[in-house]
Amino acid sequence: MTVKQFSRFVNLLILNGLMLFWQAPALAQGDDVSALCRQIANKLASVDLRDCLDVNLINTGAYSVENKPLVVKEYPPLPGRTPMGRVLLLGGIHGDEYSSISVVFKWLRILEEHHSGMFHWRVAPLVNPDGLLRGKSQRMNANGVDLNRNFPTPNWHVEAVNYWVNQTYRSPRRYPGPAPLSEPESLWLFKEIESFKPDVIVSVHAPHGVVDFDGPHEAPKRLGQLHLKLLGTYPGSLGNYAGLLKGMPVLTIELDRAGIMPTRYEIRDIWGDMIRWLRKNLNKNTVYSPQADQLPEAS
Ligand SMILES: [Zn+2]
C-alpha cells in the first residue's frame, strides 16, 4: 500500500467513524428501550427480559422526570378488517402496583401472537417508570406526584388541592402536584389520548380487587373474579378527566394484590371477559361527546 493509499484508507476510517457518530441518536433510542426492559425485568420477577425485548416497544420520544423512555406498543388495523374501535391499555400509572405492570406484559404476549385486527390497540405497560424503578418502588412519580390526580379536571386548583388537604390530610401518596399536567408522564398520557382518540381506556391498578368504571356505556358486571364496584371519582383522576369530562369510557381493573400475580387462569379470564365486553360495547360508528352534566359536584 502506497502512502497515498494508506492516507485514503485512514480518511475512510475517519469518515465511517463520523457516520457512526451521526447515527448514534437513532441507535440510542433502541438502547433506551432495551435498558428499560432490563431494569423492568430486574425489578419484576414475573416479567421476563426476553418477553419485554420481543415486544419491540416503541420509544415515543417522551421521557419521565428521571429520563426513562415512555414506551408504547401499537397493534394497528389489519388489511381487510375495520377495527371495532381504538383501545388504550395502560399499566403502572402507580409505580408500586407491580402486578398491574406484569399483567399488561402478559396481555402484550397474547396480542403479539393473536392480534386479529378486531381492535386497534395502543398499549403503555409502564406509565410511571420512575415510580417502579427505584430502590423502594412508590405510587408517585419522581417528583412525588400521584399522576392519577394530575389530570386537568374542572376547577383543579381548588378541587384537587382541597381534596388532598381535607380528605387525605396531605397524604404524600395522593399529592396532586403543583398544577394540572405539571408532570412529564401525565402530560405525555394526555397527549397520547389527544392523538390516539381511544374509544375506551383500560387502566390496570391494584390492590382493591374490583372493576371500576367511569363514563358512558354499561359497565361490565364482572371481569374474571373481579366484580364491579364503583369507587367514586376524584379530582384530577384519569377516570374523572377522560371518563366524565371527555366522554371516553375508562375501565379500571383493580387486581387483588399489588405484589402477587393473579393465577394465569385468572389473567386469561379477565382478558377474555374484557374482550367480550369490548365487542359488545364498541362500535366504529359510536360517537362520544363530552358529558358536562355528569361532572361531579363541587365539594
Ligand atoms: Zn393505582
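For clarity, every value in this text was computed on a predicted model and none was experimentally measured.

In this section: the overall build of the protein chain. Counting its regular elements, the protein chain contains eight helices and nine strands. A separation threshold of at least 6 residues defines the contact pool for the protein chain, and within that pool the share at least 24 residues apart is 75%.

Sheet architecture is open: nine strands sit in the order β1-β2-β4-β3-β5-β9-β6-β8-β7, paired in mixed fashion. Each edge of the sheet is formed by a strand with only one pairing partner; in this case those strands are β1 (58-63) and β7 (222-223). Bridging between strand β6 (residues 210-214) and strand β8 (residues 226-228) involves two bridges; their strand directions are parallel. Bridge pairing in β8 links Val211 to Leu228. Where helix α3 (residues 98-114) meets the sheet, it contacts β2 (69-75), β3 (86-91), β4 (120-124) and β5 (200-205), and its direction lies at approximately 140 degrees from that of β3.

Moving on, we get to the pairing of β4. Most of β4 sits out of view: five of its five residues are buried. Side chains of β4 alternate between two faces, with His120, Arg122 and Ala124 and Trp121 and Val123 buried alike. The sheet contact formed by β2 and β4 spans three bridges and is antiparallel. If you follow Tyr75 over to β4, its bridge partner there is Trp121.

The complete set of buried residues in helix α5 (residues 156-167) reads Trp156, Ala160 and Trp164. Down the axis of α5, the buried side of the element spans an arc of 35 degrees, and every buried residue falls inside it. Opposite its buried face, α5 presents the exposed residues Val158, Val165, Asn166 and Gln167, each directed more than 90 degrees away. A positive backbone phi angle near 50 degrees is found at Tyr169, which sits one or two residues after α5.

Time to look at the nonpolar core. Membership of the largest hydrophobic core comes to 65 residues, with the highest contact counts inside it found for Val87, Leu89, Leu90, Val104, Ile201, Val202 and Ile253. Aside from chain neighbours lying at most four places away, what touches Val202 is Val87, Leu89, Leu90, Leu251, Ile253 and Met274.

This part covers the confidence of the model for the protein chain. Detailed reading of the predicted model is not advised wherever pLDDT is low. Here the protein chain averages 89 in pLDDT, while 85% of its residues score no lower than 70. The model gives residues 12-28 a pLDDT under 50, and that stretch makes zero contacts with residues more than four places away or in other chains. Low confidence marks residues 284-299, where pLDDT is under 50. Its contacts with residues over four positions away, or in another chain, come to 21 contacts.

Turning to the environment of Gly85, a few remarks are in order. With respect to the secondary-structure elements, Gly85 resides in the loop between β2 and β3. It is 8.6 Å that separates the C-alpha atoms of Gly85 and Trp121, two residues lying 36 residues apart in sequence.

Our focus in this paragraph is unusual backbone geometry. The residue after Ala206, namely Pro207, is reached through a cis peptide bond having omega 10 degrees. Its location among the elements puts Pro207 in the loop between β5 and β6. With a phi close to 50 degrees, Lys197 is a non-glycine residue in the positive phi region. Here Lys197 lies in the loop between α6 (184-196) and β5. Positive phi outside glycine occurs at His217, with the angle close to 85 degrees. For His217, the position within the fold is in the loop between β6 and β7. On the basis of neighbour counts, which here come to 18 C-beta atoms within 10 Å, the residue His217 falls in the partly exposed class.

Of all six residues that make up β3, six are buried, and the element is covered over most of its length. Alternating residues of β3 divide into Arg86, Leu88 and Leu90 and Val87, Leu89 and Gly91, and every residue in both groups is buried. Here five bridges tie β3 to β4, and the two strands are oriented parallel to one another. In the sheet register, Leu88 faces β4, and the bridge partner there is Arg122. Where the polypeptide runs from β3 across α3 and back to β4, its parallel neighbour, the crossover connection is right-handed. In this structure, β3 lies alongside β5, joined through five bridges in parallel fashion. Looking at β5, one finds that Gly91 is bridged to Val204.

Criteria and thresholds
Residues numbered from 1 in each chain as written. Predicted model: local features only at pLDDT ≥ 70, side-chain atom pairs only at ≥ 80, totals over all residues. Helix = DSSP H or I, 4+ residues; strand = E, 2+ residues; numbered from the N terminus. Contact = placed C-beta atoms within 7 Å. Pairing = 2+ DSSP bridges. Axes fitted to C-alpha atoms, helices over the stretch in contact; angles between N-to-C directions. Buried ≥ 20, exposed ≤ 12 C-beta atoms within 10 Å, placed from the backbone. Arc of directions from axis to C-beta. Core = buried A, V, L, I, M, F, W, Y, C linked by C-beta atoms within 7 Å. pLDDT = per-residue confidence, 0-100. Right-handed = clockwise from strand over helix to strand, strands pointing away.

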